[in-house]
Amino acid sequence: MSMELSSEDIFNAVLAFLWVVYVWETYLSYRQRELYRSSVGKIPVELDGVLEEETFEKARLYNLDRSVFGFWSGLYSQITTSLILVFGGIPFLWRISGSLIAQFGLDAEYEITQSMVFLVGSVLYSTIDGLPWSIYSTFVIEELHGFNKQTLGFFFKDMVKKLVVSLALALPIIAALLYIIKIGGDYFFVYVWMFTLFISLSLITVYADYIAPLFDKFTPLPDGDLKSQIESLAAGIDFPLKKLFVVEGSKRSSHSNAYFYGFFKNKRIVLFDTLLEDFAPMNKESEEAKPEVPSPEGEKLGDKEKKKIGCNNNEILAVLGHELGHWKLSHNLKNLVIGQFNTFFCFMVFGLLMNRSELYEAFGFTSQPTLIGLLIIFQFIFSPYNELLSFCMTVLSRKFEFEADRFAKSLGRAAPLRSALVKLNKDNLGFPISDWLYSTWHYSHPPLIERMKALEKEE
Ligand SMILES: [Zn+2]
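Quick caveat: nothing in here was measured; it's all calculated off a predicted structure.

Focus on the UniProt feature "binding site: Zn(2+)" (unreviewed entry) in the protein
Here comes step 1: Per the UniProt annotation, the sites labelled "binding site: Zn(2+)" (unreviewed entry) are H322, H326 and E401. Separation in sequence by 80 residues is not matched in space for these annotated residues, since their most distant C-alpha atoms are only 8.2 Å apart.
Here comes step 2: Along the chain, H326 turns up in helix α9 (residues 313–328).
Here comes step 3: If sequence neighbours within four positions are ignored, H326 has contacts with F260, H331, N332, F400, E401 and A404.
Here comes step 4: Along the chain, E401 falls in helix α13 (residues 383–410).
Here comes step 5: The exposure class of E401 is buried, given its relative accessible area of 6%.
Here comes step 6: When neighbours within four sequence positions are excluded, E401 is seen to be in contact with H322, H326, S444, H445, P446 and R451.

Focus: the coordination of the zinc ion
Here comes step 1: Every protein donor of the zinc ion is accounted for by H322 (NE2), H326 (NE2), E401 (OE) and E401 (OE), and the metal-donor separations fall at 2.1 to 2.7 Å.
Here comes step 2: Relative to the metal, the 4 donor atoms surrounding the zinc ion lie at angles of 53 to 133°, and the coordination shape comes out irregular.
Here comes step 3: For the zinc ion, all donor residues lie on one chain, and their spacing in sequence is H-x3-H-x74-E. Here H322 and its partner H326 are both found in helix α9, 4 residues apart, which amounts to about one turn of the helix. Here H322 and H326 have matching classes, each one buried.

Some details on a nonpolar patch on the surface
Here comes step 1: Taken together, the side chains of W19, V23, I79, L83, V86 and F87 present a nonpolar region at the surface, about 580 Å² in accessible area.
Here comes step 2: Residue assignment for the nonpolar patch shows that the elements contributing at least two residues are α1 (7–38) and α2 (53–86).
Here comes step 3: With 3 residues, the single largest contributor to the nonpolar patch is α2.

Focus: the pairing of strand β2 (residues 241–247)
Here comes step 1: Burial runs high along β2: 5 of the 7 residues are buried.
Here comes step 2: Sheet analysis places strand β1 (residues 218–220) next to β2, joined by 3 bridges and oriented antiparallel. Within β2, the residue paired with T219 across the bridge is V246.
Here comes step 3: Looking at chain direction, β2 and strand β4 (residues 267–272) are connected through 6 bridges and run parallel. Looking across to β4, one finds that L244 is bridged to I269.

Let's talk about the confidence of the model for the protein
Here comes step 1: Within the protein, residue pLDDT values average 89, and 92% of them lie at 70 or more.
Here comes step 2: Note that residues 286–306 has pLDDT below 50 and, in this model, 20 contacts with residues that lie over four places away or in other chains.

A closer look at helix α7 (residues 225–236)
Here comes step 1: Spanning 12 residues, α7 covers 16 Å between terminal C-alpha atoms, matching the ideal 16 Å at 1.5 Å per step.
Here comes step 2: Those residues of α7 that sit buried are L226, I230, L233 and A234. Taken end-on, α7 shows its buried residues confined to a sector of 95°, consistent with a single buried face. Facing away from the buried side of α7 by more than 90 degrees, the exposed set consists of D225, A235 and G236.
Here comes step 3: Following α7 by one or two positions, D238 adopts a phi angle in the positive range, close to 60°.

Quick look at the sheet that holds β4
Here comes step 1: The strand order across the open sheet built from 4 strands is β1-β2-β4-β3, with neighbouring strands paired in mixed fashion. Where the open sheet ends on each side, the last strands, each with one partner, are β1 and β3 (258–261). Across this sheet, the average inter-strand angle for adjacent strands is 30°, counted without regard to direction.
Here comes step 2: Relative to β4, β3 is paired through 4 bridges, and the arrangement is antiparallel. Looking across to β4, one finds that A258 is bridged to L271.

Conventions and cut-offs
Residues numbered from 1 in each chain as written. Predicted model: local features only at pLDDT ≥ 70, side-chain atom pairs only at ≥ 80, totals over all residues. Heavy atoms only, no water. UniProt positions renumbered as here; feature names shortened; annotations may be inferred. Helix = DSSP H or I, 4+ residues; strand = E, 2+ residues; numbered from the N terminus. Contact = heavy atoms within 4.5 Å. Buried < 20%, exposed > 50% of the residue type's maximum accessible area, 1.4 Å probe, protein only. Donors = N, O, S within 2.8 Å, 3.2 Å for Na, K, Ca; no water. Tetrahedral: all angles 85-135°; square planar, octahedral: opposite > 155°, others 65-115°. Patch = residues over 30% accessible without salt bridge, like charges linked within 9 Å, V, L, I, M, F, W, Y side chains within 5 Å. Areas by Shrake-Rupley, 256 points an atom, 1.4 Å probe, with all protein chains shown as cover. Salt bridge = Lys/Arg side-chain N within 4 Å of Asp/Glu carboxyl O. Pairing = 2+ DSSP bridges. pLDDT = per-residue confidence, 0-100. Expected span 1.5 Å × (residues − 1). Arc of directions from axis to C-beta. Axes fitted to C-alpha atoms, helices over the stretch in contact; angles between N-to-C directions.

Here it is in structure tokens:
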């Protein structure tokens, strides 16, 4: 079969597909947004008596605000991306990078150096481009709904730190990757796959001890009831728990979470302080005289009953029962294996396409730099495949969530897990109603009510 696509055809197809995805996702968000708008006071019967009208209304307004924000930021980025493609922003940045290294006497032979400059340039561009949106999201929307705990100073320091750390990691890795592709011969994708496997395993290893602590404070969970209960839960299912940390997530936001990580016999559990009733600083603050914060509806919070966030010990154990279910059922391992197959497959196809000049010409290039080939093929040519894969992974993730819930249930923790799910949903202002099409496409976790129903079954 010969491919007779001209470079114009390729470009137009890529641009058209970008818009098809955009229109589809905008349509889905519209459906969900209309649900936020139309469900004033319509608490689902399943949550009658569990979810107060006030919380429901707060969640509705919060999610509506987020959705409207998502519409505008999505529209902006869709338009800028299209303009960048149409007006040749990518070859423009590539030329600038070339003339920058030329200042130091390096010519086009120094492709990897030019690629590094190009990467720094594009990361800086996208950071600055996204900055107003990210500021608005954190300091207007999250702030208005009582989630934001960051100061502007913390926000900027955090952003610069993230930028420096991610560039320091990404630049040498990508430089090595480009080098391997250059010298790897016909079967370069085998070496590339081994290299990316090695890199991802090393990153997992060093992330916890050396990278995550740069951003957040991890403290060991102090001795006490909770700690000994967690340890016996872990021991009961042979989970090799080595360390138990509380992370100060409350410095960023009052959204809550828990997770575990680590290899083989060296597992750690991390609990967000906002998940723990007894640790969340917000609970402690509210006991003192706290300056009153106006809620979105304009009324004052805080002078009513003290609103505690987080879960009690039994609920935390149920949440961990769920998390450990992910481990017991090898969900992470399964995801890793799928990821490895995907990497191998994609680089193999990349190998078949990387020398086709029409792909580069489609995006305004007369030369064929490897980095640009990666960008064009992985981001644009593969985008239908990427969309399909990401949908399948979302479906798989929901299946895993049900399985982990079932595991917690098999430990006899269905009831506290149900109440924990409701509490977390309240604390995070999750909205309990979702459009079926929207949630099918986007939700990595099943909707609250479906999880509650599944936990109730055969009990
Ligand atoms: Zn889960």
